[in-house]
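# Tertiary structure, described
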Amino acid sequence: MERPTISKCCAAALLAAALAAPSPARAADPPDGPRPPAAADAAAPATPAPTLAPPATPAPATPPPSSAAPALGERPSFIHIVLDDWGYYEWAGMGHGRLHTPRIDRFAAEGMRFTQILAGGAVGAASRSALLTGRHTGHTALRSNRRRRQLRDADVTIAEVLRGAGYATAGFGKWGVGDRGTSGAPERQGFELFFGYYHPLHAITPFPRYLVKNGEIVPQPGNGNGILRGAAFSHAVLLRAAKDWLRAQAGRPFYLYLPWTPPHGLWGLPKDDPAWQRFRDIGWNVPGEYTRSDAQRYAALLAVADRSIGEVLDLLGELGIADSTLVILSGDNGGHSYFRNRRHPAGFFAPNVDPKTGARFRGGKGSLYEGGLRIPFLARWPGRIQAGAVSGHLGYLPDVLPTLAALAGAETPPQVDGISLLPTLLGAAEGEQRQHRYLYWEDDRAGEKKRLIAVRMGEWKALRTPRRLGFSHRWWLYHLGEDPGEQNDLSRHRPEVLASLRALAEEAHQPPQNGEVLDSKQAFGASRTGRVLKALRRWFVRWL
Ligand SMILES: [Ca+2]
């Protein structure tokens, strides 16, 4: 099993460098010389350490270190914004021609973009469970979207690690790894405050009748008359609350987790939202999933998320804490090929197709092919992270916990599988970044015995998928360096490689241990939530 922490002296040195040196000297001379980001994508290097490349678009000048820069010994704050189901290529900075994402593009120009920080799982619950606990899906409690699964009391989340180190902790958005009345509820997992949706099915409506704050129901007046319309647009409610919380954290380092629901469906937003005004009459003639204007709504919701990212960053500037806050922006799982037809076989927005080359990652959300695992992952920390950098370092969402722990000066729990990205983030020399011996994913939607498996070691990736009728499985082997689209199965040509990856898969898997239901009156499946879900279905049919 991998031990994730970088050695103490190394961590301390990096932390000191991070806090003391406002402008990395390396920023001026990227070690590998010019290399366009598109090339880094097409054949992203696996094991070699970070490839720093010049920005795709001219980056605004890094603001000069100000007096607001933290003194040595002060620790940075953290914000992690997660956009639900946001695909790898679904932003204009990647060359996407249909989506409007000026603030995301600017985020990338001001920070570092990773080409290969992968999802923790192929669907939200699994990936979030891996993110929050720093453990891969062979170890963490949730490994698919199966119902009635939650984090265990024994699980140690990012919020618990940071709260233990004196950080203020809060989350606003979709939790998805434990309902009310279970051990997985966010207020039992280190969050002083969590406001939003606890259950992923609840989160399908942007106009819920209620939201949940630290386990308590918070009614949303004016909602309940159809799941795509209402007076209280949840994203706006939660963004406002998050900004209020941010304003109240004067002087205390904080961890703010923002797992927003856009652009995940169902797609609805207020009619007077400027983002809707931009897309409503655009006349894309594509099939919707639920309504005829779904594609327009999807684009508008991504624009809402983009605008909201800008609001959060602007607020950091206003509060004078931009230079002392590391902001991470990522998806949770690979993009879904929504709005598909014969003309758009990869989906209208083609989240897994490189708009510049047409190259496509195989599969999408829910699959362990690259399409289900490739997510955008960006990090911004003015004065510390080189503006416009691109890294091909291979990692995944479990790496976030040890990264933040290292910066907070907190101990990373020994059971964590992730490895701190701090050396890469701070532009350290190649050898200073620890590499994963291997990365592991599984998905137990069809049960533990029939689990889907993927193992990655450097450029090699092995997958176990069900045969057509689902009674048995077979293994496949791909070399992602030569075959990023996972088309050429090499399992017969390189059986020795497959055998070693299968051995790693054996090693990585532990039988899942589910969390506890503490109050069955509240937990999912019990009467109240069951009634709500039934009611939701009724409204859905009636009002959609
Ligand atoms: Ca998701």
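Report on the accompanying structure. No experiment lies behind these values; they were computed from the predicted model shown. (Residues numbered from 1 in each chain as written. Predicted model: local features only at pLDDT ≥ 70, side-chain atom pairs only at ≥ 80, totals over all residues.)

This part covers the overall build of the protein chain. Scanning the protein chain from N- to C-terminus turns up 13 helices and 16 strands. Looking at the protein chain as a whole, 55% of its 544 residues qualify as buried. Restricting the contact set of the protein chain to residue pairs at least 6 apart, pairs at least 24 apart contribute 69%. (Helix = DSSP H or I, 4+ residues; strand = E, 2+ residues; numbered from the N terminus. Buried ≥ 20, exposed ≤ 12 C-beta atoms within 10 Å, placed from the backbone. Contact = placed C-beta atoms within 7 Å.)

Another point: the nonpolar core. Among the nonpolar cores identified, the biggest contains 132 residues, and Ile 158, Leu 162, Tyr 255, Leu 256, Leu 258, Ala 300 and Leu 404 are the most heavily contacted of them. Per-element tally for this core: the top contributor is helix 8 (residues 294-318), with 13 residues. Setting aside residues up to four positions removed in sequence, Leu 404 forms contacts with Phe 78, Ile 158, Leu 162 and Tyr 255. (Core = buried A, V, L, I, M, F, W, Y, C linked by C-beta atoms within 7 Å.)

Attention shifts here to the sheet that holds strand 11 (residues 389-391). Pairing within the open sheet is mixed, and its 10 strands lie in the order 7-6-5-4-8-1-9-10-2-11. Two strands lie at the open edges of the sheet, namely strand 7 (216-219) and strand 11, each paired on one side alone. Neighbour to neighbour, the strand axes of the sheet diverge by 15° on average, direction disregarded. Alignment of strand 1 (residues 77-83) against strand 9 (residues 325-331), held across 7 bridges, turns out to be parallel. Its bridge partner lying in strand 9, Phe 78 is registered against Leu 326. Docked against the sheet, helix 3 (residues 102-110) engages strand 2 (112-114), strand 9 and strand 10 (377-380), running at close to 65° with respect to strand 10. (Pairing = 2+ DSSP bridges. Axes fitted to C-alpha atoms, helices over the stretch in contact; angles between N-to-C directions.)

Take unusual backbone geometry next. The omega torsion across Pro 262 and Pro 263 is 0°, close enough to zero to call that bond cis. By the secondary structure assignment, Pro 263 is in the loop between strand 8 (254-260) and helix 7 (274-279). Cis geometry marks the peptide bond from Gly 265 to Leu 266; its omega dihedral reads 5°. Its location among the elements puts Leu 266 in the loop between strand 8 and helix 7. Unlike most non-glycine residues, Arg 148 shows phi in positive territory, near 55°. Within the secondary structure layout, Arg 148 lies in the loop between helix 4 (124-133) and helix 5 (158-164). Overall, the presence of 12 C-beta atoms within 10 Å leaves Arg 148 in the exposed class.

Taken in spatial order, the 4 strands line up as 13-14-15-16 in an open sheet, and their pairing is antiparallel. Each edge of the open sheet carries a strand with a single partner, namely strand 13 (439-443) and strand 16 (473-479). The average undirected angle you get between the axes of adjacent strands in this sheet is 10°. Bridging between strand 14 (residues 452-457) and strand 15 (residues 460-466) involves 5 bridges; their strand directions are antiparallel. The residue bridging Ala 454 from the neighbouring strand is Leu 463, located in strand 15. On top of the sheet, helix 12 (residues 495-508) reaches strand 13, strand 14, strand 15 and strand 16; it is set at about 115° to strand 14, its chief contact.

Residues of helix 3 that are buried: Arg 103, Ile 104, Phe 107, Ala 108 and Glu 110. For helix 3, the buried positions fall inside an angular range of 165° around the axis, keeping them on one side. Against strand 2, helix 8, strand 9 and strand 10 lie the buried residues of helix 3. (Arc of directions from axis to C-beta.)

For a regular strand, side chains alternate in direction, first toward one face of the sheet and then toward the other. For strand 15 and strand 16, the ladder comprises 7 bridges, and the chain directions are antiparallel. Across the sheet, the residue bridging to Lys 461 is Tyr 478, located in strand 16. Linkage of strand 15 to strand 16, two consecutive antiparallel strands, is achieved through a turn of 6 residues, within which Gly 470 is found at a positive phi near 85°.

Here Val 82 is to be found in strand 1. Judged by C-beta crowding, with 23 C-beta atoms within 10 Å, Val 82 ranks as buried. Separated by 251 residues in the primary sequence, Val 82 and Asn 333 have C-alpha atoms spaced 9.8 Å apart. Setting aside residues no more than four positions away along its own chain, Val 82 makes contact with Leu 258, Pro 259, Trp 260, Ser 330, Gly 331 and Asp 332.

Within the secondary structure layout, Ile 104 lies in helix 3. Taking the C-beta count within 10 Å as the criterion, Ile 104 has 27 such neighbours and is therefore assigned buried. Sequence separation between Ile 104 and Ile 309 is 205 residues, and the spatial gap between their C-alpha atoms is 7.3 Å. In contact with Ile 104, not counting residues within four places along its chain, are Trp 91, Gly 93, Asp 306 and Ile 309.

Take helix 6 (residues 234-247) next. Between the first and last C-alpha of helix 6 there are 20 Å, a value that for 14 residues agrees with the 20 Å anticipated at 1.5 Å per step. Within the sequence span of helix 6, burial applies to Ser 234, His 235, Leu 238, Leu 239, Ala 242 and Leu 246. For helix 6, the angular spread of buried residues about the axis comes to 125°, placing them on one side. Facing away from the buried side of helix 6 by more than 90 degrees, the exposed set consists of Arg 240, Asp 244 and Arg 247. Buried positions along helix 6 lie against strand 4 (168-174), strand 5 (193-197), strand 6 (210-213), strand 8 and helix 8. (Expected span 1.5 Å × (residues − 1).)

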